[in-house]
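What follows is the residue order along each chain.
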Amino acid sequence: MSALVVALVVALDGPAAAGKGTLARSLAQRLNLAYLDTGSLYRATGLAVLEAGGDPADPKAAESAARTLDPSRYNPADLRREEVADAASKVAAIPAVRAALLDFQRHFAHHPPGGKAGAVLDGRDIGTVVCPDAPIKIFVTASLEERSRRRVKELRDKGETVIEARVFADMAARDARDSGRGVAPLKAADDALVLDTSTLDAEGALAAVMAYIESKQNR
Ligand code: DC
């Protein structure tokens, strides 16, 4: 008789530049799980609309881009561009776009690629909407000032000329759009561990999450 195998899902949510991507990747490596950056799906949708000359806030254009999306078509460096982040946050506010991307995310979580026993998904609504039954949920956050400082450093490291006040204002606007939208707004699930990384480096954040996972497993 074959045993029913249920994939271990780790849901990692939080605002931009809170350190979730780095944490999710190192957690996936440490636990030998697959990793999905769900923001890249919204970014790819936003970029597809921009490339077609459309408006990312136009529900018809955005839904059609999401329904026909091939995430592997896009180069990660293009997806990280600031205008793509802005387009992503606009398409992400459209309910039909979120519905179109839901199956892909759930399928990845429950049938992780590469024969892995589970998956780490990072995003904004993984613990609340995409995988509400995930046994491990973490909401990673940091102050707006600290997240803006990290983003300025990241852009300067890439050789870009940056106006700090502009990065701060853009991040505040994106936070407001992600948290204020009617569908799947950014918020911590009731049963999530809330981890503030304002004063933690990457190793400190990973250690805190590993300790939390171990404490849950020993319960
Ligand atoms: O995490 P990121 O910056 O790559 O996300 C890009 C945009 O997509 C951001 O505005 C929030 C949105 N997003 C979302 O609404 N839901 C997710 N699960 C992931 C990202």
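Structure's up top.
None of these values were measured; they are calculated from a predicted model.

Conventions adopted
- Residues numbered from 1 in each chain as written.
- Predicted model: local features only at pLDDT ≥ 70, side-chain atom pairs only at ≥ 80, totals over all residues.
- Heavy atoms only, no water.
- Core = buried A, V, L, I, M, F, W, Y, C linked by side-chain atoms within 4.5 Å.
- Buried < 20%, exposed > 50% of the residue type's maximum accessible area, 1.4 Å probe, protein only.
- Helix = DSSP H or I, 4+ residues; strand = E, 2+ residues; numbered from the N terminus.
- Contact = heavy atoms within 4.5 Å.
- Pairing = 2+ DSSP bridges.
- Axes fitted to C-alpha atoms, helices over the stretch in contact; angles between N-to-C directions.
- Polar contact = N/O pair within 3.5 Å; in protein donor to acceptor, adjacent residues only side chain to side chain.

(A) The arrangement of the nonpolar core in detail. Judged by nonpolar contacts, the single largest core of 20 residues is most densely connected at Tyr 42, Ala 62, Tyr 74, Val 97 and Leu 101. Within the residue set of this core, elements represented by two or more residues are α2 (39–51), α3 (59–67), α5 (82–91) and α6 (95–110). With near-sequence residues (within four places) excluded, Tyr 74 lies in contact with Ala 44, Leu 47, Ala 48, Glu 51, Leu 69 and Leu 79. Within the second largest apolar cluster, 19 residues are counted, among which are Leu 12, Leu 195, Val 209 and Tyr 212.

(B) Focus on the sheet that holds strand β4 (residues 136–141). With respect to topology, five strands assemble into an open sheet ordered β2-β3-β1-β4-β5, the strand pairing being parallel. At either margin of the open sheet sits one strand with a lone partner, and together these are β2 (34–37) and β5 (193–196). Looking at each pair of strands side by side, their axes are set apart by 20 degrees on average, direction ignored. Summarising the sheet, strand β1 (residues 8–13) and strand β3 (residues 118–123) pair through six bridges and their orientation is parallel. Within the sheet, the bridge partner assigned to Val 9 lies in β3 and is Ala 119.

(C) Molecular detail of unusual backbone geometry. Of note, Ala 17 is a non-glycine position whose phi angle comes to about 60 degrees, a positive value. Its location among the elements puts Ala 17 in the loop between β1 and α1 (20–31). The residue Ala 184 is not glycine, and still its phi comes out positive at about 45 degrees. As for its placement among the helices and strands, Ala 184 is situated in the loop between α9 (164–180) and β5. The buried category is assigned to Ala 184, whose relative accessible area is 12%.

(D) Layout of the side chain of Arg 124. Looking at the secondary structure, you find Arg 124 in the loop between β3 and α7 (126–130). Side-chain polar atoms of Arg 124 contact the backbone oxygen of Gly 14, separated by 3.4 Å. Among the polar contacts listed, one links the side chain of Arg 124 to the side chain of Asp 178, at a separation of 3.4 Å. Excluding residues within four positions of it along the chain, Arg 124 makes contact with Asp 13, Gly 14, Pro 15, Ala 16, Lys 20, Asp 178, Arg 181, Pro 185, Leu 186 and Lys 187.

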